[in-house]
Amino acid sequence: MSGDRQRARVLLDRHGRLYAEEAGIRLADAPGPLYQLLVLATLLSTRIRAGVATAAARELFAARLRTPKDLAAADRPAVIAALGRGHYRRYDERTATMLADGARLCLDRWRGDLRRLHAEAAGDLSRARKLLIEFPGIGPTGADIYLREAQAVWDDVRPYADRRVAAGADRVGLPSAPEALAGLVPGGDFARLTAALVRVALDPDSAREVVAAR
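Residues numbered from 1 in each chain as written. Predicted model: local features only at pLDDT ≥ 70, side-chain atom pairs only at ≥ 80, totals over all residues. Heavy atoms only, no water.

Turning our eyes to something else, we now look at the nonpolar core. For soluble globular proteins, nonpolar side chains are generally found buried alongside one another. Membership of the largest hydrophobic core comes to 72 residues, with the highest contact counts inside it found for L11, L43, L60, L114, Y146 and L197. When near neighbours in sequence (up to four residues on either side) are disregarded, L43 contacts I48, A53, A56, A57, L60, L83, Y88 and T95. (Core = buried A, V, L, I, M, F, W, Y, C linked by side-chain atoms within 4.5 Å. Buried < 20%, exposed > 50% of the residue type's maximum accessible area, 1.4 Å probe, protein only. Contact = heavy atoms within 4.5 Å.)

This is how it looks when you write it as structure tokens:
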């Protein structure tokens, strides 16, 4: 187990950055960051590289499209242009539509505050996933992405680890069960560990470097 903890520490040190952080989101249990995480999860849900999705999110936020009101009222060409500046071009028109529709749903159903979604789920992860999947562009994969990152600020979601996290754990020789993984790091670091495991699941070279580290 001590060897597993050491490997978990290597993962955190080398790859333990939340995707939200990469997108410029200061994640907190507050309406703005929680909505921005939903935008990021929407972008990450398409068949496009994670780096492109996070770059596109940064461009949207830089264009002052940070809240559901912003995106619901935004000029469609402005949204498409921001996505393009992040090189998110293959799905830009469809994604612009999904973001606008999702913004309106967030305003109408949750009054712009996804803490209300969290409260309605009341610690039931299957309920939380179902509510998230109602957003356009957020299928099962997007719900997993959202909850995987949101557990950094929603303690009752932790430990949350999806199939991609389990694949990363297998690649570096760590246990794949969420509870076993959670025992390797302090609670506040678990979301960062899952982000690191997703990165090594997507990058075999990084996985090999983690395994070889002493």
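Read on, since the account is not over.
At a minimum axis separation of 9 Å, helix α3 (residues 31-44) and helix α10 (residues 140-150) run at an interaxial angle of 140 degrees. Taken as axis vectors, α3 and α10 run oblique relative to one another. By crossing handedness, the relation of α3 to α10 is classed as right-handed. Of the residues in α10, those touching α3 at L34, L37, L38, A41 and L44 are G142, I145, Y146, E149 and A150. Across the contact of α3 with α10, the residue classes break down as eight nonpolar, one polar and one charged. (Axes fitted to C-alpha atoms, helices over the stretch in contact; angles between N-to-C directions. Helix = DSSP H or I, 4+ residues; strand = E, 2+ residues; numbered from the N terminus. Parallel < 35°, antiparallel > 145°, perpendicular 65-115°, else oblique. Left-handed = near helix turned anticlockwise from the far one by under 90°. Nonpolar A, V, L, I, M, F, W, Y, C, P; charged D, E, K, R; others polar.)

Within helix α6 (residues 76-85) the residues assigned to the buried category are V79, I80, A82, L83 and G84. Contacts made by the buried residues of α6 are with α3, α4 (50-62), α5 (68-73) and α7 (92-110). A positive phi of about 65 degrees marks H87, the residue just after α6.

Further remarks concern the pattern of salt bridges. Within this structure, the stated rule accounts for 14 salt bridges. Here D144 makes a salt bridge to R129, at a shortest N to O gap of 3.2 Å. Remark: R129 occurs in helix α9 (residues 125-133) and D144 occurs in helix α10; sequence separation between them is 15 residues. Its salt-bridge partner being D162, residue R148 comes within 2.7 Å of it at the nearest N-O pair. Remark: D162 occurs in the loop between α10 and α11 (163-171) and R148 occurs in helix α10; sequence separation between them is 14 residues. You'll find R148 and D162 in the same group, each marked buried. (Salt bridge = Lys/Arg side-chain N within 4 Å of Asp/Glu carboxyl O.)

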